[in-house]
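An overview of the molecular structure
Here's the letter readout for the chains.
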Amino acid sequence: MQPDLSDDAGALTVTDVQPHVLKAKASRNDADSPVYNQAINGPHAEKWWQAIVLPMTWAFHLKRFPSGLVKKFKATFCVCSDMQVEGVDVFETWAPVVQWTIVRTMLILATKLDLVSAQADINAAFVHTNLGHDEHIDVHQAAGFQHDGNYVYKLNCSVYGLKQSPRNFFHYLSEHLVAQGLVPSELDPCLFIGKSVIAVVHVDDVLISSKSADKIDGLIHKLHSTGISIHHEGTAQDFLGVDIMRTTTLAGHQITLCQPGLAKRVVEAVGLCSRDQSSSQGCRGSPSFCAFNYAAVVGILLYLSGHSRPNNAFAVHQCARYTFWLTCCHELALIRTGHYLKGTMDQGLIMKPSSTPQVDC
């Protein structure tokens, strides 16, 4: 039986008004829920600043060559950006990344035009850029660099982990490249073209091509003199973790892209070195046996198929669709892909540039 609310005017008001409207009116200009300007300019500004201090962490990474050999050890001071709030300590985050098709095109042009290619790396890239005047970010002290007292760090420059760091650094590097006479392409903002030098930028890795090695060294020296910690890393043979081999035969030029080190990681990750071959015969729809990190293997295979093994792209994309809803058959599909990679470890993408600028489909 419905209750009689005819004599209760307050109850009639509550039932007739939408709850969302009441919530909006109750939270408007609420002193307990101030907006950004009210918080930092109010009487409790110091307490609010302490509340938005971001945690810090160390990220350790062993960088390897495509063959799997150790290249260098990296220890990076990072911010835990998952606690950043849009409109408070982060505003714009979008930053471009070069398309791999542009890199392949540059390799073909370098082969056909007999260009010298080299790669350069920028140390502590994101630290080069300063934060904007409207960005105030405090972080906790990092392990190993702690002082007595309840102190925090106020960041003056971008660090790794901040959501806006890639965008800030790309604008910083672009300005310096433009100052050296290079113009960004309309097709890809990460491609910079000059009179004697062409540069491709992928975050903090730069692929430079020119007719003369002196022109490449000159550009690196000029960028270094402006304050960029950039150094020559040798030829373009292992750019972005891809082993790039240029050969010349009687039939013409040939470029081979392969990643044997990454393929070996997939084979080891799915346990083919010790797994019984009969384990690949599973039941469709059975629960996954969780013998390896499915998402991690799919991520490696996506990078592998996008750079040097496009023949695996369809199979990998099908597996990637079920990353969060996998069964035994999906894991077995990755194991079969691992079997294929195990038998073709040193194979890769072969490009044979023609004498005329045409595309064969």
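A separate point is helix 10 (residues 313–320). All buried positions along helix 10 are accounted for by Ala313, Val316 and Cys319. Considered in projection along helix 10, the buried side chains sweep an arc of 130 degrees and stay on one side of the axis. Buried-residue contacts for helix 10 involve helix 9 (294–307) and helix 11 (328–343).

This brings us to the layout of surface pockets. The calculated volume of the largest pocket comes to roughly 890 Å³. Elements represented by at least two residues in the lining of the largest pocket include exactly strand 1 (56–64), strand 2 (70–79), helix 8 (260–269) and helix 9. With 5 residues, the top contributor of residues to the lining of the largest pocket is helix 8.

Right, let's get into the packing of helix 8 against helix 9. At a minimum axis distance of 10 Å, the contact between helix 8 and helix 9 shows a crossing angle of 155 degrees. If you check the angle between helix 8 and helix 9, you find them roughly antiparallel. Once helix 8 is placed against helix 9, the crossing between them reads as left-handed. From helix 8, Leu262, Ala263, Arg265, Val266 and Ala269 reach across to helix 9, where they touch Val297, Ile300, Leu301, Tyr303 and Leu304. Counted by class, the contact of helix 8 with helix 9 contains 9 nonpolar, no polar and 1 charged residues.

Okay, the environment of Gly68 next. By the secondary structure assignment, Gly68 is in the loop between strand 1 and strand 2. Gly68 sits in the partly exposed class, given a relative accessible area of 26%. In the structure, Gly68 is positioned 194 residues away from Leu262 in sequence and 7.6 Å away in space, judged by C-alpha atoms.

Turning next to the sheet that holds strand 11 (residues 243–249). Taking strand neighbours across the sheet as the criterion, the 3 strands line up as 11-12-13 in an open arrangement whose pairing is antiparallel. Each of the sheet's edge strands pairs with one partner strand only, and the pair in question is strand 11 and strand 13 (349–351). Taken over all neighbouring pairs, the strand axes of this sheet differ in orientation by 20 degrees on average, direction set aside. The sheet contact formed by strand 12 (residues 252–258) and strand 13 spans 3 bridges and is antiparallel. When the sheet's bridge partners are listed, Thr256 is paired in strand 13 with Ile350.

Once that is clear, we can look at the sheet that holds strand 3 (residues 116–122). Spatially, 6 strands are ordered 6-7-8-9-3-10 in an open sheet, and the strand pairing comes out antiparallel. Strand pairing shows two members of the sheet lacking a second neighbour, strand 6 (183–184) and strand 10 (230–235), which therefore form its edges. In the packing of helix 7 (residues 213–225) onto the sheet, contacts are made with strand 3, strand 8 (197–202), strand 9 (205–210) and strand 10, and the angle to strand 9 comes to roughly 140 degrees.

With respect to the helices and strands, the residue Gln259 is situated in the loop between strand 12 and helix 8. A distance of 2.6 Å separates the side chain of Gln259 from the side chain of Ser308, its partner in a polar contact.

The next subject is the environment of Asn168. Here Asn168 is to be found in helix 6 (residues 165–179). For the pair Asn168 and Trp94, spaced 74 residues apart in the sequence, the C-alpha separation amounts to 9.5 Å. Ignoring sequence-local partners within four residues, the contact set of Asn168 consists of Thr129, Leu131, Glu135 and Ser158.

Val103, Ile122, Val200, Ile208 and Leu257 are the most contacted members of the largest nonpolar core, which has 41 residues in total. Those elements that place two or more of their residues in this core are helix 5 (100–112), strand 3, helix 6, strand 7 (191–193), strand 8, strand 9, helix 7 and strand 12. Dropping the residues within four chain positions of it, Ile208 is found in contact with Val116, Ser117, Ala118, Ala120, Val197, Ile198, Ala199, Ile216, Leu219 and Ile220. Among the nonpolar cores identified, the runner-up in size contains 21 residues, and Ala263, Val266, Phe292 and Val297 belong to it.

Calculation rules
- Residues numbered from 1 in each chain as written.
- Predicted model: local features only at pLDDT ≥ 70, side-chain atom pairs only at ≥ 80, totals over all residues.
- Heavy atoms only, no water.
- Buried < 20%, exposed > 50% of the residue type's maximum accessible area, 1.4 Å probe, protein only.
- Helix = DSSP H or I, 4+ residues; strand = E, 2+ residues; numbered from the N terminus.
- Arc of directions from axis to C-beta.
- Contact = heavy atoms within 4.5 Å.
- 1 Å grid on protein atoms, 1.4 Å probe; cavity = no way out; pocket = protein on both sides within 12 Å on 5 of 7 lines; lining within 4 Å.
- Points joined across faces, edges and corners; volume = space filled by probe spheres on them.
- Axes fitted to C-alpha atoms, helices over the stretch in contact; angles between N-to-C directions.
- Parallel < 35°, antiparallel > 145°, perpendicular 65-115°, else oblique.
- Left-handed = near helix turned anticlockwise from the far one by under 90°.
- Nonpolar A, V, L, I, M, F, W, Y, C, P; charged D, E, K, R; others polar.
- Pairing = 2+ DSSP bridges.
- Polar contact = N/O pair within 3.5 Å; in protein donor to acceptor, adjacent residues only side chain to side chain.
- Core = buried A, V, L, I, M, F, W, Y, C linked by side-chain atoms within 4.5 Å.

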